[in-house]
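# Structural overview for review
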Protein chains: 2
Amino acid sequence: MDNLDYGIIDLLRQNARAGYGDIGASVGLSASAVKRRVDRLIADGVIKGFTVQVDPAVDGLGTEAYVELFCRGTVSPQELQRILSTVPEVVDAGTVTGSADAIVHMRSRDIPSLEEALERVRNAPNVDHTRSAIVLSKLISRQPA
Amino acid sequence: MDNLDYGIIDLLRQNARAGYGDIGASVGLSASAVKRRVDRLIADGVIKGFTVQVDPAVDGLGTEAYVELFCRGTVSPQELQRILSTVPEVVDAGTVTGSADAIVHMRSRDIPSLEEALERVRNAPNVDHTRSAIVLSKLISRQPA
DNA sequence: GGTGAAATTTTTTGGGC
DNA sequence: GCCCAAAAAATTTCACC
């Protein structure tokens, strides 16, 4: 992770579909060098994936919930990650201190699809139960740079 | 915005660098038809951008917490919003169903700065108490718009 | 680690339906 | 609006520094 890597990541954050050639022109590398670094960043887990930012109003992702996840016995973070990454409605999640094992932030089109997604989380092995708090009104939504 | 558009967006959400041909194979369209739809979705502002999901530990926002907010009496959402918007560490917040009045997602550099930010939230008028869950390991971070 | 060129694959354009 | 096919552009591979 040198300054070149940070530069590449910054450019990808602004536009994940930028061409390797364009990125290279900005940071001062050839397209093939950029590709090799990006491949390495993905392999090392620094870049976790490429995604698209959709207007929530148009897409109708107005329904949100914060869900506390309680597991049976011990479940590794890797296992939880594997389970949660298969549910697209999961926007954000982490293992936490306190009585719950993890907190999961979910976003969906409406209550039925939220419930359906929640079912998929609950049906995962070792998940004992969940406690949901449905968001009534959104107060803050800041986009991390 | 028909079902094909939703399908395309879902696939892009999972991998924003997927080829038009691959997307087309999944939804049943040719590459050029997919491209035209994606271009239209961008032009219409439905797709706001393409971004990359980076391991938060790398960009110096590794410390996170989910905080339940309990207020004295009734506090309007507008009042809560006014309070929370003064704390930059608040990434995301909403009033919720359940015993807590609101859930607040905070992101900070380290524990001391997180604690300091939490103090500012707690000291707001009508805030009775808070219950925090510090994030131990980040599982999912999809950074929605 | 990087470069540059060749091979490959994808994107993009345009005609026809 | 979509498909097919051709043209243009990008990605990806690879030998060489």
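Residues numbered from 1 in each chain as written. Chains lettered and ligands numbered in written order. Predicted model: local features only at pLDDT ≥ 70, side-chain atom pairs only at ≥ 80, totals over all residues. Heavy atoms only, no water.

This part is about the packing of aromatic side chains. The full count for this structure, using the stated rule, is 1 aromatic pair over all chains. Pairing Tyr66 of chain A with Tyr66 of chain B gives two aromatic rings, centres 6.4 Å apart and planes at 65°, and the pair type is edge-to-face. Within this pair, whereas Tyr66 of chain A is found in strand S2 (residues 63–71), its partner Tyr66 of chain B is found in strand S2 (residues 63–71), the two belonging to separate chains. For Tyr66 of chain B, a relative accessible area of 3% gives the class buried. Between Arg17 of chain A and the ring centre of Tyr20 of chain B, over which it is positioned, the NZ or CZ distance is 4.9 Å. The ring of Phe50 of chain A carries Arg17 of chain B above its face, with NZ or CZ at 5.4 Å from the centroid. (Phe/Tyr/Trp six-rings, centres within 6.5 Å; stacked < 30°, edge-to-face > 60°. Helix = DSSP H or I, 4+ residues; strand = E, 2+ residues; numbered from the N terminus. Buried < 20%, exposed > 50% of the residue type's maximum accessible area, 1.4 Å probe, protein only. Lys NZ or Arg CZ within 6 Å of the ring centre and 35° of its normal.)

Close to DNA strand C lie 13 residues, the nearest being Ser30, Ser32, Arg36 and Arg37 of chain A together with Tyr20 of chain B. Across the atoms of DNA strand C situated within 4 Å of the protein, the share located in sugar and phosphate is 48%. Tyr20 of chain B places a main-chain nitrogen or oxygen 2.8 Å from a phosphate oxygen of DNA strand C. Of all the secondary-structure elements, those providing two or more residues to the surface near DNA strand C are helix H3 (31–43) of chain A together with helix H2 (20–27) and helix H3 (31–43) of chain B. Counting residues per element, the surface near DNA strand C draws most heavily on H3 of chain A, at 4 residues. (Near = heavy atom within 4 Å. Polar contact = N/O pair within 3.5 Å; in protein donor to acceptor, adjacent residues only side chain to side chain.)

Let us now look at the interface of chain A and chain B. Every contact between the two is made by 60 residues of chain A and, on the other side, 59 residues of chain B. Of all residues in chain A, Arg17, Thr51 and Leu139 of chain A give up the largest surface area on contact with chain B, accounting jointly for 14% of the area buried on that side. Scanning the region where chain A abuts chain B turns up 3 salt bridges. Listing elements by their share of the side of chain A that touches chain B, those giving two or more residues are helix H1 (3–14), strand S1 (47–54), helix H4 (56–59), S2, helix H5 (77–84), strand S3 (90–96), strand S4 (102–108) and strand S5 (127–141) of chain A. Ranked by residues supplied to the side of chain A that touches chain B, first place goes to S5 of chain A with 10 residues. Classifying every residue of the side of chain A that touches chain B gives 34 nonpolar, 16 polar and 10 charged. Pairing between S5 of chain A and strand S3 (residues 90–96) of chain B: 5 bridges, direction antiparallel. Within the sheet, the bridge partner assigned to Ile140 of chain A lies in S3 of chain B and is Ala93 of chain B. (Contact = heavy atoms within 4.5 Å. Buried area = accessible area lost by both parts, 1.4 Å probe. Salt bridge = Lys/Arg side-chain N within 4 Å of Asp/Glu carboxyl O. Nonpolar A, V, L, I, M, F, W, Y, C, P; charged D, E, K, R; others polar. Pairing = 2+ DSSP bridges.)

Turning to the packing of H2 of chain B against H3 of chain B, a few remarks are in order. All names here are of chain B. Viewed as axis vectors pointing N to C, H2 and H3 meet at an angle of 100°, and their least axial separation amounts to 8 Å. Considered as vectors, H2 and H3 are oriented roughly perpendicular to each other. Contacts between H2 and H3 pair Tyr20, Gly21, Ile23 and Gly24 from the former with Ala31, Val34, Lys35 and Val38 from the latter. (Axes fitted to C-alpha atoms, helices over the stretch in contact; angles between N-to-C directions. Parallel < 35°, antiparallel > 145°, perpendicular 65-115°, else oblique.)

A few words on helix H6 (residues 111–122) of chain A. Residues and elements named next belong to chain A. A rise of 1.5 Å per residue sets the reference length of H6, with its 12 residues, at 16 Å; its end C-alpha atoms lie 16 Å apart and thus fit the reference within 8%. All of the buried residues along H6 are Ser113, Leu114, Ala117, Leu118 and Val121. Relative to the axis of H6, the buried residues are bounded by an arc of 140° and lie together on one face. Among the exposed residues of H6, those oriented more than 90 degrees off its buried face are Pro112 and Glu115. Lining the buried residues of H6 we find S2, H5, S4 and S5. (Expected span 1.5 Å × (residues − 1). Arc of directions from axis to C-beta.)

Let us now look at unusual backbone geometry. Look at Asn126 of chain A: it is not a glycine, yet its phi comes out positive at around 75°. Assignment of secondary structure puts Asn126 of chain A in the loop between H6 and S5.

All names here are of chain A. Within the structure shown, the criterion is met by 2 cavities of 30 Å³ or more. Space inside the second largest cavity adds up to approximately 30 Å³. Elements supplying a minimum of two residues to the lining of the second largest cavity: S2, H6 and S5. Here the lining of the second largest cavity is built from residues that sort into 6 nonpolar, 1 polar and no charged. (1 Å grid on protein atoms, 1.4 Å probe; cavity = no way out; pocket = protein on both sides within 12 Å on 5 of 7 lines; lining within 4 Å. Points joined across faces, edges and corners; volume = space filled by probe spheres on them.)

All names here are of chain A. Structurally, Thr63 is set in strand S2. At 3.5 Å, the side chain of Thr63 and the backbone oxygen of Arg109 are in polar contact. If near-sequence neighbours (up to four positions away) are discounted, Thr63 is found in contact with Met106, Arg107, Ser108, Arg109, Asp110, Ile111 and Leu114.

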